[in-house]
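Listed here are the chains, written in short residue letters.
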Amino acid sequence: MASSKTITVEVDDVSYTDDVEPRLLLVQYLRERLGKTGTLIGCDTTNCGACTVHLDGVSVKSCTMFAVQADGHSVTTIEGLARDGKLAPLQQAFHQCHALQCGFCTPGMIMQSASLLTENPHPTEQEIRDGLEGNLCRCTGYQNIVAAVQAAADGTVSSDGTVSSDSTVSADSDETETAGVA
Amino acid sequence: MIPSAFDYAAPATVAEALGVLADAGDDVKLLAGGQSLIPVMKLRLADPAMVVDLGRIGELSGVRDDGDALLIGAMTTHHEIVTDPLIAEHVPLLAMAAATVADPQVRHRGTFGGALVHADPAGDMPAPVLAADATFILAGLDGERRVAAADFFQGYFTTAVDDGEILTHIRVPKYTGWGARYEKFTRVAQQWSIVAVAAMVRVEGGTIAEARIGLTNMASTPLRATAVEQALVGAPLTREAIATASAHAGEGTDPASDLNGDAAYRRHLAEVLTKRAVIVAAGL
Ligand SMILES: Cc1cc2nc3c(=O)[nH]c(=O)nc-3n(C[C@H](O)[C@H](O)[C@H](O)COP(=O)(O)OP(=O)(O)OC[C@H]3O[C@@H](n4cnc5c(N)ncnc54)[C@H](O)[C@@H]3O)c2cc1C
Ligand code: FES
Ligand code: FES
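The notes below deal with the structure included here. If you're wondering where the values come from, they're calculated on a predicted model, not measured in any experiment.

Turning next to the overall build of chain B. Across its full length, chain B carries 12 helices and 14 strands. Computed over its C-alpha atoms, the radius of gyration of chain B comes to 19 Å, within 12% of the 19 Å expected for a compact globule of 284 residues. Expressed as lengths along the three principal axes of its C-alpha atoms, the size of chain B is roughly 60 × 45 × 30 Å. Taken across its 284 residues, chain B has 54% of its residues classed as buried. For chain B, the distance from the average site of its 22 positive side-chain charges to the average site of its 34 negative ones is 7 Å.

To continue, consider the sheet that holds strand 4 (residues 58-61) of chain A. Residues and elements named next belong to chain A. One open sheet holds the 5 strands; their spatial order is 2-1-5-3-4, and the pairing between them is mixed. Because the sheet does not close on itself, it has two edges, and the strands there are strand 2 (14-20) and strand 4. Ignoring which end each strand starts from, the neighbouring axes of this sheet average 40° apart. As paired strands, strand 1 (residues 5-11) and strand 2 are joined by 7 bridges and run antiparallel to one another. Counted as the bridge partner of valine 9 is tyrosine 16 from strand 2.

With that out of the way, let us pick up the interface of chain B and chain A. Counting from both sides, the interface comprises 30 residues of chain B and, opposite them, 36 residues of chain A. Looking at the side of chain B facing chain A, the largest losses of area belong to B:Tyr8, B:Gln105 and B:Arg109, adding up to 24% of the total buried there. Here chain B is connected to chain A by 3 salt bridges. For A:Asp44, the salt bridge identified is with B:Lys42, shortest N-O distance 2.6 Å.

Our focus in this paragraph is the site of ligand 1. Around ligand 1, 32 residues are found, and the nearest of them are B:Leu30, B:Gln35, B:Ser36, B:Leu37 and B:Thr111. This site is not confined to one chain, since residues near ligand 1 come from chains A and B. B:Gly33 has a polar backbone atom sitting 2.8 Å from an oxygen atom of ligand 1. Contact between ligand 1 and B:Gly34: an oxygen atom at 2.7 Å from a main-chain N or O atom of the residue. Burial of ligand 1 by the protein amounts to 94% of the accessible area it has alone, namely 970 Å². Those elements that provide at least two residues to the shell around ligand 1 are strand 2 (28-31), helix 7 (112-118) and strand 10 (166-173) of chain B.

What follows is about helix 1 (residues 26-33) of chain A. Along helix 1 of chain A, the residues that are buried comprise A:Leu26, A:Val27, A:Gln28, A:Tyr29 and A:Leu30. Tucked inside the fold, the buried residues of helix 1 of chain A contact strand 1, strand 2, strand 3 (52-55) and strand 5 (74-76) of chain A.

Here the focus is the packing of helix 2 (residues 89-96) of chain A against helix 5 (residues 143-154) of chain A. All names here are of chain A. Interhelical geometry of helix 2 versus helix 5 gives an angle of 140° and a closest axis separation of 8 Å. Taken together, the axes of helix 2 and helix 5 are oblique relative to one another. In this structure, the crossing between helix 2 and helix 5 has a hand that is right-handed. When helix 2 is examined against helix 5, the residues Pro89, Leu90, Ala93 and Phe94 are found in contact with a partner set consisting of Ile145, Ala148, Val149, Ala151 and Ala152. For the contact of helix 2 with helix 5, the per-class residue count stands at 9 nonpolar, no polar and no charged.

This part covers the pattern of salt bridges. All names here are of chain B. Going through the model one piece at a time under the given rule, you end up with 20 salt bridges over all chains. One salt bridge connects lysine 184 with aspartate 124, and the closest N-O pair in it is separated by 2.8 Å. Taken together, the residues span a long stretch of sequence, with lysine 184 in strand 11 (residues 179-185) and aspartate 124 in the loop between helix 7 and helix 8 (126-131) at a distance of 60 residues. Among the salt bridges present, the one from aspartate 258 reaches arginine 266, with a minimum N-O distance of 3.1 Å. Overlapping salt bridges, with partners in common, bring together Asp66, Asp68 and Arg171 in one network.

All names here are of chain A. Between its first and last C-alpha, helix 5 extends 16 Å over 12 residues, near the 16 Å set by a 1.5 Å rise per residue. Along helix 5, the residues that are buried comprise Ile145, Val146, Ala147, Ala148, Val149, Ala151, Ala152 and Ala153. The elements touched by buried residues of helix 5 are helix 2, helix 3 (106-119) and helix 4 (125-131). Phi turns positive, to about 70°, at glycine 155, one or two residues after helix 5.

What follows is about the pairing of strand 5 (residues 69-73) of chain B. Residue and element names in this part refer to chain B. For strand 5, a buried count of 5 out of 5 residues is recorded, marking the element as mostly surrounded by other parts of the structure. Residues Ala69, Leu71 and Gly73 line one face of strand 5 and the alternating positions Leu70 and Ile72 line the opposite face, and both faces are buried. Pairing of strand 4 (residues 63-65) with strand 5, which is carried by 3 bridges, proceeds in the antiparallel orientation. Counted as the bridge partner of arginine 64 is leucine 71 from strand 5. Of the strand pairs in this sheet, strand 5 and strand 10 are connected by 5 bridges, and their pairing is antiparallel. Along strand 10, the bridge assignment pairs leucine 71 with arginine 171.

Parameters and conventions
- Residues numbered from 1 in each chain as written.
- Chains lettered and ligands numbered in written order.
- Predicted model: local features only at pLDDT ≥ 70, side-chain atom pairs only at ≥ 80, totals over all residues.
- Heavy atoms only, no water.
- Helix = DSSP H or I, 4+ residues; strand = E, 2+ residues; numbered from the N terminus.
- Rg over C-alpha atoms; globule rule 2.2 N^0.38 Å.
- Buried < 20%, exposed > 50% of the residue type's maximum accessible area, 1.4 Å probe, protein only.
- Lys, Arg positive; Asp, Glu negative; His and termini not counted.
- Charge placed at Lys NZ, Arg CZ, Asp CG, Glu CD.
- Pairing = 2+ DSSP bridges.
- Axes fitted to C-alpha atoms, helices over the stretch in contact; angles between N-to-C directions.
- Contact = heavy atoms within 4.5 Å.
- Buried area = accessible area lost by both parts, 1.4 Å probe.
- Salt bridge = Lys/Arg side-chain N within 4 Å of Asp/Glu carboxyl O.
- Near = heavy atom within 4 Å.
- Polar contact = N/O pair within 3.5 Å; in protein donor to acceptor, adjacent residues only side chain to side chain.
- Areas by Shrake-Rupley, 256 points an atom, 1.4 Å probe, with all protein chains shown as cover.
- Parallel < 35°, antiparallel > 145°, perpendicular 65-115°, else oblique.
- Left-handed = near helix turned anticlockwise from the far one by under 90°.
- Nonpolar A, V, L, I, M, F, W, Y, C, P; charged D, E, K, R; others polar.
- Expected span 1.5 Å × (residues − 1).

Set out below in structure tokens:
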């Protein structure tokens, strides 16, 4: 029988020390040991992105990492984004732009979008779509997800969770541009 | 899906890792980014008794200037290859290919060395590394040995890395000033290459002076399109001349036939993608 390992991981700003089997996946550790069920398992095959969390601030698929690999590192899940009971700007943007239907992909979408905006604070629409290529959504058709990331990047989400009217889905902004040229 | 149980070691140095490997016997796997190994362990297509994690060995990460070449640590992630300034200046082809690997999350974990040792025929890193004539540096208990890229890829998922050895660095010559392009053909956004072409071209006085072309997924290993390379030398900078040379791209290839396309279709793709890649690399 393989021996267990003691790991210390900071998850959403709280430090945890636990004995784990080496084969325990990070996503199982988060959900089953820490009760952080906000991080979801969609495909369990590294394709859908529903399990996306941040490892030291960078997005990873937690179904494709062992908990022992996170020893000594810091993990942020969707449950760690809100501050003082207030949604983070990206969460507000997803809410306001109607960027979800069933919501299953949403935690992963938001965590990947946050990582994307850290690396590229002002992405183009194409860069947002490329940045989300590892996250699948079976409901929305992506349009409003892209709009939400754009709104969060543009800072057009107000702190009370409302989006100012100039932030709309990209199809509309294309029309505005065309109208301006014509 | 839950992998079989295994023992886990996370050594801090290459020397320590080699010792652990030697003591562990046959049934041991090295873990790099885990983006190929963990999926196969979850499917229980691999069930090693012991896993040796290279993730804590700092000396294996990063890109260093080494005179006429870059020395790239095996544990350097795809993301680091995409964003590294030395690579952008001297071998941008590597960044272009790495940017097409999987998705951002996988690129944050998956490593340059892991992708090369994994040696998937459809993997995007082997062909550029072969085209660039890189040298692989392997560490073993008896010391270090160097293997040329042409001898490294030996077959379907098979490389020159022996049991008990660790790929520590890849030495990639500089191609400063050469034009480069990685042209990858897929059906959907995030997919392995059906065929891809890695091209580097040096233009001098209005003609192509040198060309290096690597083919992805045109055989069980990456291939050099040597007939195209030879036909391009001295060719004028015209689309017609490049198209004529690119018509040789299928020569000497042995592509698989599968649901994504049969061998004849892949040879056709190789010609079309070679032409596209060289046109961009030559700055047309
Ligand atoms: C959803 C998905 C899509 C993908 N799409 C693509 C794609 O489009 N193109 C592409 O090229 N790749 C793709 N990949 C694979 C990706 O490139 C992996 O990162 C890569 O194949 C393996 O690198 P790794 O660091 O994760 O290695 P690991 O999975 O950790 O290891 C792979 C193998 O190499 C061995 N190994 C690793 N490092 C060393 C070393 N230093 N010395 C000796 N042996 C070593 C391991 O023992 C193992 O056998 C995809 C992966 C996923 C999950
Ligand atoms: S559950 Fe991890 S990628 Fe789908
Ligand atoms: S909202 Fe249902 S999967 Fe995205």
